[in-house]
Each structure stands twice: as structure tokens, then as C-alpha cells.
Amino acid sequence: MASATAEDIKSELDTFSIAFNDDTVDKMLELCLCHRQKGEEIVCEWFAFSSSRNQLPLTLDNLDQFEHEILNKRKKPKGSSKGSQFNKTRDINSIQELIRAEEEEESLLDSYSTPAKGSQKRPLTTPEHPQSKRSVARLTSPSLLLSPASFSPSATPSQKYGMRGGRGEVVSSFGVVQGPRWTGKGQSAVRVEMLEGGENSLISSYKYMFQRLRDVRDVLTEKIEELGEELRSHFNIEEFSPVSLPVQDNITVLGQVCCDSNGKLNAQSVLLEAGQEQGGRQVPVNLSELKEFSLFPGQVVVMEGMNPSGEKFVATKLYEGIPLPFCCPSEVKQEMDEVSEPVMVMMACGPYTPSESLTYDPLIDLITIINKDRPNVCILFGPFVDSKHDQIEKNQVTETFESIFKRCVDSIVEGTKGSGCRLVFVPSQRDVHHHYIYPQPPFNLTNLSKDDSARVTLASDPCTLLIGNVTFGLTSTDILFHMGAEEISSGTGTERFSRIMKHMLTQRSYYPLYPPAEEVNMDYDKFQQFGQMNLAPDILIVPSELRYFIKDVIGCVCVNPGRLTKGQVGGTYGRLLIQPNPVLVEGKRVSPCIAGQVVKI
């Protein structure tokens, strides 16, 4: 069947004297491709639909209604007998016949069982849109790969997402506000690699669920001792005393903050758990003498105070944590008059679909922005196939989760090929097709061509990435949300996000909270190896459900780009201009981040 063209549709619309614009013609052309109709057929069906509803005008919203009420329910002619299906090429009618046979078989099985309350029958496939793997491979447009009815029989474009306002609006800025051009070179030779290298980076899946409580204790004890030794040498502390030692004089103690119950930490429920060298006991802490503090469960702290009875420690001083040094390779240092050309880095975090529809319209819009702005590097955080999506939870999809993810990645790689942008994929705990473990191994994309593999970097969660000579700390796990629910503070004079970012840098960990949030399945052996910071990143990216921001925290530029979709409406993404080589001013380090923005999709 000859494919429909925009000219055919315009000619038919003129025949019926139907007013149209370029957007509505493009939408009708998309419907023709998705529903395999000719231009004259789609216009005739629209005319009948419009006439039955008092001459409904041709608009995008009305076309969405037309697709949902008419096209998705359109009956197909019966195909040939089931016995001959396997001896000929399977066209749409033969596939329809197979589907009907499968549904009859499932209905027969259902008649012998008691359906659960509120259960929904799992759709087997989408009769209106059968696609073979071969035909999918031929599609080059992201909007066709991720067409509205690709994954769900009831998928229609989200009206609330399509009607969103403020597209392209800058909602948060950092650094140089006037002057920077937010366009990159695309096909540049910028270097993107894991900082730790192959041996010390998580590059493949691993066996988990084998850890023992003894192993967890050893990891936590080692963390207390390592950070304690750093603080002892920095503040010139002679030695740490056992936290439960009854003494009338001031002593300095080392331990890990924990809560005296399973509830939320508060100022009256703080315990200090000492390391093995200091006795390993837990002692309640009185914080009333501290002018300011910020604490959370799992935090390694050094406190000064008294414990007259041995039963309760009265803290009078809390020592600040010490961040790691920044990476500054001596061979690439340069003075301000030798500054190289800036590199543009874009970042976005899933989900990439609205909550009420499994259409990837936000992702298609992001690909369009990538092709227009041509960033040098684009970092994409999961979830790509969100386990919290309503249709995923109810299993209302017509393909496997892996095939949906593959088509999603194929759309991104193919759609950005013209820009030459380097792509970085970071998995999420919410990716339904991937391992639910932290640290999380990178995706395994075996189908990429040699050219595509050269510009795609598969990163783990968390990881430290080197772009040029700038270090990026990346984690898709919502540590901001988890720590924000547990942290307590008093008299600090700083806002919560800055405190949490500072805790991550001074605790030298991508996930310093202990015990972790219920949804985080922590493997402490791998966490000790891959979840710690080996140096302070120049830029730390922590996508979160909480409000977006870009800010400098003790020399590190911290970015929460938000999520690309927020429920049924559009969200935000981030972009940075960085100096790819370290710059020195009078021998001192200057932040490589020139400017940053969070922008509405």
C-alpha cells in the first residue's frame, strides 16, 4: 500500500472544505503511518466523525479524541484460516486471526478460575498496530519508533503534557547569566571515560544477595575508622576516647550517628555508635549544648564533650567533616590566558513518559532539543522503563520490558546521530528491566554498531566520570529525597539541599545514609568498592523528585536537573558550560563550570 503524504491529506481536506494548519496535517500523517491508512481514508473517517459531533473543528485535541474513539477501535476484515498462517507471510489480517485465537484460549482458561478483585486482563498485543522486528528496524524517526500506540493498546498522547506552558523557560541559573551561547559543537573530540578505569569501575553485572551481617558490620566499621583517622590528623586530635567511658573531663569521641528506635531521627533520639576500637557501644547523645548541628543516620562524626555517668554523652562541640581534594592533573593546568573552548553538557532524568500514558513524547522533544543545541555530551539518567508507571505496574503493555527499552535507546542513538553528541546512559533503581541493586551495574547494549558504541558510554549508578579533564559525580538514586526525610538540623543558617550536598562531599560517599531507604537494596561489599568517592568531583549531578537547583557547595557545583516529566506534565532538564581543562588563577583552582541552567522541557 502506498504511504500517505501531506499533499494527499491537504488535497482531501480541501475537497471537504475543512480548515487545517501544518500541525493538524502532520498529526493526520502520523495517524496514517500508525494506523496504516491512506490519506483519503483518514480524511473520510475524520469527516464522518466530525459530522456526527456537530461539525467538530480539526484541532490536535480533537484528533486525539478521534484516534482514541474511532481508529483504536476500528475492526479489521477477517483473515484466512488459522491452519495456513505459518505457510505465508503474516500480514495484518493473519496476525489478527492469531491474536483472536490466543484471546479465546485465554478466555477459556479464565473461565476455570476466580478472577481477583480489581484484576485486569493482560492484553496480548495491539491488533491495530502489528509490527514485525524487521519493520521496526527500518524506522529511523524517533517519533515512529516511539509512536503513541507502540507499547499499550490504550495509549494516547497526554493532553496535559501537550498543553504545558513555559517551554524553554529557564527556571534556575548559575554562573555567567548574560553572554554564554547555549550551543555546542556536537561532533567534537571531547574525552568521556570512567575516572577509575576498568579495574576499579563497575562495568558488568555481579552476583548479589550473598552478603552476611558480619560483612555489613566490617564495611561500616572500616568507614568509621577511615573517616575518623582523617579527622584526627586534620584537627590534631591526640586520640579518641571510648564513648561510654565515665569521665568528668572533656573527651573527644568518634562514632556513627543512629536512631534509638525504628522511627525518624530527632534531637532526643540520637545515639552515637562507636567503632570496634572504641568499644562498639551505643550511647545516647544530649545535643542541647550545641549551638548548631546537622545530623543524619549513618553519619560519621567526631564530638567533644563529657559523659559523667557513662550512660549519656553531653556534646559541646561537633567537628566539621573534611571533603576530599579535587582532581587537578598537573600536565593540563593552564593559566586564564590559555583558556580552551567551552564544552556543553546536557543532562536529563527519567521518567521519559507522562504518568497516564506510555507515550515517549517528552523524550522525542528532548531529542529535538539535542539536535538543535548540539551539546558535546548528553547524560541521560533512568528510569527509561519506569517500574512506578501505572501501565507497567498493571502489565498493560504489549511488548517485553527489554524490547521497550531497546526501542527507547535505539530512538535516542539514531535520533542524535546527526548531531554527533556523546551519550552517557546511567541506570536507575526504577528501571523495571534492570538489576534492582545498589551499586547498580551499567546497561548491557550488545546491539550497538561500532560507530554508535564509540559515542555511547554505559555508566553504573553511582560513578565518577571524566569529561575532558573535569570530574563528574553521577547518581540516579534519589539521595536528596532519602536524606531529606531523615536529616535533622538546628541553627545552621543554611538551606537543606546545601547541607545534604555538603554531607555527601564530607562523608565521601554517594549514599552516606544508614540504614538505607527501604527501596534501596544495598550490597555493602560492592558499595565499599564502587559507592565511595575517591576524590571530590568538580560537578555532582543528583536528580531528584525534589525541586531543581544549581549551586556551589564547598567548591563543587551541585546540580539537580529535576525529572523530564512530573506526573502528567512536563518537567525540566539541565545544561552546563564547562571549561574542559583545569584553570588556575594565581596558582589557585577555579571551578570549571562557567554557567549552568535548568530549563523546562
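Going by an unreviewed UniProt entry, the protein chain carries the name DNA polymerase alpha subunit B and comes from Onychostoma macrolepis. What UniProt records for the protein chain under Sequence similarities (unreviewed entry) is the sentence "Belongs to the DNA polymerase alpha subunit B family." Its UniProt record gives the protein chain a comment under Subcellular location (unreviewed entry), which states: "Nucleus".

On the surface, Glu 7, Asp 8, Glu 40 and Glu 41 cluster together into a negatively charged patch. Those elements that place two or more of their residues in the negative patch are helix H1 (6-15) and helix H3 (39-51). Here Glu 7 shows up in helix H1. Judged by relative accessible area, Glu 7 falls into the exposed class, the value being 57%.

Once that is clear, we can look at the confidence of the model for the protein chain. Per-residue confidence for the protein chain averages 83 on the pLDDT scale, and 82% of its residues sit at or above 70. Every residue in residues 115-140 is under pLDDT 50, and counting partners more than four places away or in other chains gives 47 contacts. Scored below 50 in pLDDT, residues 333-338 shows 15 contacts in the model against residues more than four places distant or in partner chains.

Turning our eyes to something else, we now look at the sheet that holds strand S3 (residues 247-259). Either a parallel or an antiparallel arrangement is found when strands of a sheet pair, and the pairing is made through backbone hydrogen bonds. If you trace the 5 strands once around the closed barrel, you get S3-S4-S5-S8-S7, paired in mixed fashion. Each neighbouring strand pair of the sheet contributes to a mean axis angle of 55°, computed without reference to strand direction. Inspection of the sheet shows strand S7 (residues 300-307) paired to strand S8 (residues 313-318) by 4 bridges, in the antiparallel sense. Along S8, the bridge assignment pairs Glu 304 with Lys 317.

With that settled, consider the sheet that holds strand S14 (residues 463-467). Across the sheet, 6 strands lie side by side as S2-S14-S15-S17-S19-S18; this open sheet has mixed pairing. Pairing within the sheet leaves two strands with one partner each, and these edge strands are strand S2 (192-194) and strand S18 (549-553). Averaged over neighbouring strand pairs, the angle between their axes works out to 25° when direction is ignored. Bridge count for S14 against strand S15 (residues 470-474) is 5 bridges, and the pairing is antiparallel. The partner of Ile 467 across the bridge, within S15, is Val 470. With respect to the sheet, helix H16 (residues 496-507) is in contact with strand S17 (539-541), S18 and strand S19 (556-560), its orientation differing from that of S18 by roughly 55°.

What follows covers the environment of Phe 66. On the secondary structure map, Phe 66 appears in helix H4 (residues 60-69). What makes Phe 66 buried here is its relative accessible area of 0%. Between the C-alpha atom of Phe 66 and that of Trp 46, which follows or precedes it by 20 residues, the distance is 7.3 Å. Beyond its immediate stretch of four places on either side in the chain, Phe 66 contacts Leu 31, Ile 42, Glu 45, Trp 46, Phe 49 and Leu 71.

Turning our attention to the side chain of Ser 544. Residue placement: Ser 544 occurs in the loop between S17 and S18. Given a relative accessible area of 0%, Ser 544 falls into the buried group. At a separation of 2.6 Å, a polar atom in the side chain of Ser 544 contacts the side chain of Asp 478. Setting aside chain neighbours within four positions, we find Ser 544 in contact with Asp 478, Leu 480, Phe 481, Asn 560, Gly 562 and Arg 563.

On to the pairing of S18, then. Counting buried positions along S18 yields 4 of 5 residues, so the element is predominantly enclosed. In sequence, S18 turns back onto S19 through a hairpin of 2 residues, with Ile 554 there showing a positive phi of about 40°.

Time to look at the packing of helix H2 (residues 22-35) against H3. H3 packs onto H2 with a crossing angle of 110° between their chain directions and a minimal axis gap of 10 Å. Comparing their axes, H3 and H2 come out roughly perpendicular. In this structure, H2 crosses over H3, and the sense of that crossing is right-handed. On H3, the residues touching Met 28, Leu 31 and Cys 32 of H2 are Gly 39, Ile 42, Val 43 and Trp 46. For the contact of H2 with H3, the class distribution of residues is 6 nonpolar, 1 polar and no charged.

Our focus in this paragraph is the pairing of S3. Most of S3 is tucked away: 10 of the 13 residues are buried. Here 4 bridges tie S3 to strand S4 (residues 270-273), and the two strands are oriented antiparallel to one another. Within S4, the residue paired with Cys 258 across the bridge is Leu 271.

Our next topic: H1. All of the buried residues along H1 are Ala 6, Ile 9 and Leu 13. Take H1 and look down its axis: the buried residues cluster within an arc of 65°, on one side only. Seen from the buried face of H1, the exposed residues on the opposite side, beyond 90 degrees, are Glu 7 and Thr 15. The inward-facing, buried residues of H1 contact H2 and H3. Of the residues one or two after H1, Ser 17 is the one with positive phi, at around 55°.

Moving on, we get to the side chain of Lys 223. Within the secondary structure, Lys 223 sits in helix H10 (residues 213-234). Despite its burial, Lys 223 pairs with no opposite charge, the nearest such side chain being Glu 226 at 9.8 Å. Discounting chain neighbours no more than four positions away, the residues touching Lys 223 are Gln 256, Gly 298, Val 300 and Pro 512.

This part covers the packing of aromatic side chains. The way to describe two aromatic rings as a pair is by their centre distance and the angle between their planes. According to the stated counting rule, one finds 16 aromatic pairs in the structure shown. With centroids separated by 5.4 Å and ring planes inclined at 55°, the aromatic side chains of Phe 49 and Phe 66 adopt a geometry described as tilted. Here the residue Phe 49 occupies a position in helix H3, and Phe 66 occupies one in helix H4, the gap between them amounting to 17 residues. Phe 66 carries the same exposure label as Phe 49, and that label is buried. Ring centres 5.0 Å apart and planes at 25° place the aromatic pair Phe 497 and Phe 549 in the stacked group. Of this pair, Phe 497 sits in helix H16 while Phe 549 sits in strand S18; the two residues are 52 residues apart in sequence, bridging distant segments of the chain. Grouping residues by exposure puts Phe 497 and Phe 549 together as buried. Three or more aromatic residues joined by ring pairs make a cluster, and in this case those are Tyr 352, Phe 384, Phe 405, Phe 425 and Phe 443. Residue placement shows Lys 526 over the ring face of Tyr 206; its charged tip is 5.3 Å from the ring centre.

Cut-offs applied
- Residues numbered from 1 in each chain as written.
- Predicted model: local features only at pLDDT ≥ 70, side-chain atom pairs only at ≥ 80, totals over all residues.
- Heavy atoms only, no water.
- UniProt positions renumbered as here; feature names shortened; annotations may be inferred.
- Patch = residues over 30% accessible without salt bridge, like charges linked within 9 Å, V, L, I, M, F, W, Y side chains within 5 Å.
- Areas by Shrake-Rupley, 256 points an atom, 1.4 Å probe, with all protein chains shown as cover.
- Salt bridge = Lys/Arg side-chain N within 4 Å of Asp/Glu carboxyl O.
- Lys, Arg positive; Asp, Glu negative; His and termini not counted.
- Charge placed at Lys NZ, Arg CZ, Asp CG, Glu CD.
- Helix = DSSP H or I, 4+ residues; strand = E, 2+ residues; numbered from the N terminus.
- Buried < 20%, exposed > 50% of the residue type's maximum accessible area, 1.4 Å probe, protein only.
- pLDDT = per-residue confidence, 0-100.
- Contact = heavy atoms within 4.5 Å.
- Pairing = 2+ DSSP bridges.
- Axes fitted to C-alpha atoms, helices over the stretch in contact; angles between N-to-C directions.
- Polar contact = N/O pair within 3.5 Å; in protein donor to acceptor, adjacent residues only side chain to side chain.
- Parallel < 35°, antiparallel > 145°, perpendicular 65-115°, else oblique.
- Left-handed = near helix turned anticlockwise from the far one by under 90°.
- Nonpolar A, V, L, I, M, F, W, Y, C, P; charged D, E, K, R; others polar.
- Arc of directions from axis to C-beta.
- Phe/Tyr/Trp six-rings, centres within 6.5 Å; stacked < 30°, edge-to-face > 60°.
- Lys NZ or Arg CZ within 6 Å of the ring centre and 35° of its normal.

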